[in-house]
Amino acid sequence: MNGLSTLLEWRGLSCTAVVRRTLLLALPALFAVTVTAAAGESAQRPPEPRLMRNVLLWPHGPVADFEKVKMLDINTLHAFPRISKKSDGLKPIDLTNEWIEKQWRADAIRLHEQGIRVWASLSSTGFYPEMFKEHGLDPEDFYAQDAHGAPQMMLGGSYGTDVMSGCYNNPKWMTLVKENTLAYVNAGFDGIWFDVGGYADAAVLYCHCPYCTESWKSHATEDGLPPDTPLPTAATGNDFTQAANRAHLRWRYEIWEREFRKIRDAAKAINPDLLYLHNSSAMPDGIVSVGVYFTAITKLYDAAHWEEWGHGAAPYSLLPSYFLGRMAAGERPVLLVQNDVPARTEAQHRIALAEAYAAGGVLQNQNIPEANVRFYQFLKQHEDLYLGRESMATVAVMTSIRSKDFYENSAKVKPAYWMGWLLQDLHVPYDYLLAERDFTLQALQKYKVIILPDLAVADDEQLATLREYIEWGGRVLATHNTAKYDSDMKDFGRERLGELAGQPAEKSLRAERGAGRIAFLEGCPERAYMESNSRDLAVSPSLSIPGEPPADFVADLNWLMGEDKPVLVEARTTTAVVPQRKNEKILLHLINYNTYPDGKQVTPDENVRVSMALQPDQKAVSAVAFSPDVDGFTVHVNMTQAGNAVTVALAKLETYVLVVLTLE
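What you see is a predicted model; the values in this text were computed from it and never measured.

J.: Outline the sheet that holds strand 30 (residues 645–653), supporting the account with residue identities and numerical values.
T.: As summarised here, the arrangement of the four strands in space is 23-26-30-29, forming an open sheet in which the pairing is antiparallel. Of all strands in the sheet, those bounded by a partner on one side alone are strand 23 (568–570) and strand 29 (638–642). With strand direction ignored, the average angle separating the axes of adjacent strands in the sheet is 15 degrees. One ladder, built from three bridges, connects strand 23 with strand 26 (residues 605–613); its direction is antiparallel. Pairing of L568 across the sheet is with S611, part of strand 26.

Okay, structure coming up:
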């Protein structure tokens, strides 16, 4: 899919791609490649692992802290080749080449000899002007600039006043990014990961360098804007009721894809099996849509990668992040880095590992080696159970790039993420769908209920598909400003939602249309639940266990779902259940993230019961349960059957148990 077609999709034209629910973690099999060192040495590249065990280790000098690597039992290392204790930023190419020959190529070979694949991180936005001067580069050639032509510090100076930003639209900057990338690929690195999160840096998003100002003039005219339309700034660019701001954001996305696809093509020409990645920061207002766009729509990157900021670990559950990643990545890897504030405890780390692999993702943090090693031993023993899984969810939460960009970011809301928490605490399994890709009848019909949490931006074609889904027999639950705006941000109020329901959308409604149903709630139950049940230890050092969810939401959801629920769960709200199918097995991932009040230790859940109805021609012949929490990794589980209903029961759940039901 080229940049033009993906841009048209983003603008709301018809898409025919259908969401894939398969929860595969492994990439397609990769052929072994020979890596040749400068001195003629060689080492065979390890094959792509079936199940990735990946950590970040960013020492200065060598690529890896080999003592830690020996302790961690990993098969993939995410490294940041750097010289000093600082991040170094993007380096002059002669300095990169010097260190590749002096240290880093040999380190990559040594890791390969130990059966470990290695990725190189490099900065995509930041650099040190003094370092550039020392190597004969003029910093003036690279600066991102504000509207007055002043150079801009990376991320507003949060990394130090001596770190400046480069611009994705500057050919000299992108040439240097490309040169560094290809140097690492030629040195034998198996993956490239670009740091920082691109347009999370306002200096890059709102750059006014000469390349941007000239390019914007022609783009504005092509987009039907007055030729004198000013280039938006950070102060003016967030009002997306303005056509110029919408055009500006689409233009920036187009620049990103164009420039990084050039680098991707050159890198893949050297190593077709290279894993090509970019950091996508999840700042406090949630997963940024740019990461979804470049992973799900353009397919520019080979994995979904989120970086979580601004909260503590458990009881802050990361399952919604992994499910969003799975939605974006399909069969490609989903990776997550969590910036712990405060630093995580061992209990929180064990929960974080469990959430990652239960959801089909990979946690990269390496905070507590002992916990990593134990969990990795568990994974190796049960590896087959973590490959080739399918979700059993009958509920899907619709999210949207346009709604995120044009409505949610400026309103500082993340309704799809909050809805994930609410459903999780209600023990309702769910998947995410992406409006720009999955608004097809075929995709919607895989689910009994589609939830539109404050999905403010929707076009007429999407609403027509939704009406067809309801008349077919589907169920829809919408909240707050759903369908208020079209993709041009024209305000329809509740007019179009009322047309969908066949009656005025008042404060609340329930309506039947054809064989289906639709319910609407004026408020934001997902936001109300989040605000009354904080789980952020970065905000408060002592938290309370969540209270009752909004009663009107629960009543509407029950009205829509009826008796057709994939699982019935008797457990605390702080126990998550992730049900999956794998061939003739049902996998029940049970995760206890109850580290209330302060994250320091887990309070076990007790007498957990999960029941489900099997197909009329099926019965469960056995139930076994595995857990990294106990010696031997096996725990007792009780199974009972009555008709086509089967129930499994655990006396105790510490952090994580995987129950495996075998069917016939």
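J.: I'd like to hear about the layout of surface pockets, residue by residue, with values.
T.: Space inside the second largest pocket adds up to approximately 450 Å³. In terms of lining residues, the second largest pocket is bounded by 25 residues, among which L56, W58, E307, V337 and N339 are the most central. Among the secondary structure elements, those contributing two or more residues to the lining of the second largest pocket are strand 9 (191–195), strand 13 (304–311) and strand 14 (334–340). Of the residues forming the lining of the second largest pocket, the biggest block, three residues, is contributed by strand 14. Partitioning the lining of the second largest pocket into residue classes produces twelve nonpolar, ten polar and three charged.

J.: Explain the nonpolar core residue by residue, including any values.
T.: Ranked by size, the top nonpolar core spans 162 residues in total, and within it L77, F260, Y357 and L423 carry the most contacts. Beyond its immediate sequence surroundings of up to four residues, L77 is in contact with V55, L57, V63, A64, L111, I116, R117, V118 and W119.

J.: Let's hear about the environment of E346: which residues, and what values?
T.: Relative to the helices and strands, E346 is located in helix 11 (residues 346–358). Beyond its immediate sequence surroundings of up to four residues, E346 is in contact with I368 and A371.

J.: An account of the packing of aromatic side chains is needed here, citing residue identities and associated values.
T.: Using the criterion set out here, one finds 38 aromatic pairs in the structure. Here the aromatic rings of F194 and Y276 are separated by 5.4 Å at their centres, their planes lie at 80 degrees, and the arrangement is edge-to-face. Pair noted here: F194 is in strand 9 and Y276 is in strand 10 (residues 275–278), with a separation of 82 residues, a long-range link. Judged by relative accessible area, which is 0%, Y276 ranks as buried. Following the ring pairs from residue to residue traces out a cluster consisting of Y168, F194, Y199, Y253, W256, F260, Y276, Y293, F294 and Y301. Sitting over the face of the ring of W99, K102 holds its NZ or CZ atom 3.9 Å from the ring centroid. The ring of Y417 has K414 sitting right over it, with the charged end atom 4.7 Å from the ring centre.

Conventions we followed
- Residues numbered from 1 in each chain as written.
- Predicted model: local features only at pLDDT ≥ 70, side-chain atom pairs only at ≥ 80, totals over all residues.
- Heavy atoms only, no water.
- Pairing = 2+ DSSP bridges.
- Helix = DSSP H or I, 4+ residues; strand = E, 2+ residues; numbered from the N terminus.
- Axes fitted to C-alpha atoms, helices over the stretch in contact; angles between N-to-C directions.
- 1 Å grid on protein atoms, 1.4 Å probe; cavity = no way out; pocket = protein on both sides within 12 Å on 5 of 7 lines; lining within 4 Å.
- Points joined across faces, edges and corners; volume = space filled by probe spheres on them.
- Nonpolar A, V, L, I, M, F, W, Y, C, P; charged D, E, K, R; others polar.
- Core = buried A, V, L, I, M, F, W, Y, C linked by side-chain atoms within 4.5 Å.
- Buried < 20%, exposed > 50% of the residue type's maximum accessible area, 1.4 Å probe, protein only.
- Contact = heavy atoms within 4.5 Å.
- Phe/Tyr/Trp six-rings, centres within 6.5 Å; stacked < 30°, edge-to-face > 60°.
- Lys NZ or Arg CZ within 6 Å of the ring centre and 35° of its normal.

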